[in-house]
Amino acid sequence: MIKVRQLIPSQLDKLSDLSLGLGQLLFASTVVPYIVPSIEKPSIFVLLFGLGFAIGLWIFGIWVVKEGKS
């Protein structure tokens with residue numbers, strides 16, 4: 001049988017920080033090329049995938065903090 005260990009609140013905060021940071025990195029790396037004209041733009045599929053993944057990471061980070069507080 002597998003034992004499942006609960007994370008302590010400080011570990012949940014770090015997981016949330018990591019998720020939010022990765023979301024910001026993905027957002028910046030997919031949106032900045034469309035703002036700065038000298039950088040080569042990725043395809044629209046890459047833009048949508050990056051934005052969707054970034055939003056998903058942000059939602060996960062907020063959810064982890066909310067679940068840790070309750």
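Residues numbered from 1 in each chain as written. Predicted model: local features only at pLDDT ≥ 70, side-chain atom pairs only at ≥ 80, totals over all residues. Heavy atoms only, no water.

**Q** I'm lost on the side chain of Ser16 in this one. Help?
**A** Along the chain, the position of Ser16 falls in helix H1 (residues 9-35). Residues in contact with Ser16, not counting those within four places in the same chain, are Gly61, Val64 and Val65. (Helix = DSSP H or I, 4+ residues; strand = E, 2+ residues; numbered from the N terminus. Contact = heavy atoms within 4.5 Å.)

**Q** Looking at this structure, how should I read the packing of H1 against helix H2 (residues 44-69)?
**A** Each pair of packed helices can be summarised by the angle the axes make with each other and by the distance between the axes. It is at 8 Å that the axes of H1 and H2 come closest, and there the two elements cross at 160°. Relative to H2, H1 is oriented roughly antiparallel. Of the two elements, H1 crosses H2, and the hand of that crossing is left-handed. By residue class, the composition of the contact of H1 with H2 is 19 nonpolar, eight polar and one charged. (Axes fitted to C-alpha atoms, helices over the stretch in contact; angles between N-to-C directions. Parallel < 35°, antiparallel > 145°, perpendicular 65-115°, else oblique. Left-handed = near helix turned anticlockwise from the far one by under 90°. Nonpolar A, V, L, I, M, F, W, Y, C, P; charged D, E, K, R; others polar.)

**Q** Please clarify how H1 should be interpreted in this entry.
**A** Note that an α-helix has 3.6 residues per turn; residues three or four places apart therefore point the same way. The terminal C-alpha atoms of H1, which comprises 27 residues, lie 38 Å apart, in line with the 39 Å expected from a rise of 1.5 Å per residue. At Ser29, H1 shows its maximal bend, which comes to roughly 25°, and the proline Pro33 appears one to four places after that position. Buried residues of H1: Leu12, Ser16, Ser19, Gly23, Thr30, Val31 and Pro33, and no others. The secondary structure elements touched by the buried residues of H1 are H2. (Expected span 1.5 Å × (residues − 1). Bend = angle between axes of the 7 residues up to and from the residue. Buried < 20%, exposed > 50% of the residue type's maximum accessible area, 1.4 Å probe, protein only.)

**Q** How do you make sense of the packing of aromatic side chains when you look at a structure like this?
**A** Ring pairs (aromatic) are described by centroid distance and by the angle formed between their planes. For the coordinates displayed, the defined rule picks out three aromatic pairs. Note on Phe27 and Trp58: the rings are 5.6 Å apart at their centroids and 45° apart in plane angle, and the pair reads as tilted. Placement of Phe27 in helix H1 and of Trp58 in helix H2 is noted, with a sequence separation of 31 residues between them. On the accessibility criterion, Phe27 (35% relative accessible area) is partly exposed. Both rings, one in Phe60 and one in Trp63, keep their centres 6.1 Å apart while their planes meet at 35°; by these two values the pair is tilted. (Phe/Tyr/Trp six-rings, centres within 6.5 Å; stacked < 30°, edge-to-face > 60°.)

**Q** What exactly am I supposed to notice about the environment of Trp58 here?
**A** Note on Trp58: relative accessible area 25%, which makes it partly exposed. Once residues lying within four places of it in the same chain are set aside, the contact partners of Trp58 are Ser19, Leu20, Gly23, Gln24 and Phe27.

**Q** Explain the side chain of Thr30 here, please?
**A** The topology assignment puts Thr30 in helix H1. When neighbours within four sequence positions are excluded, Thr30 is seen to be in contact with Pro42, Val46, Leu47, Gly50 and Leu51.

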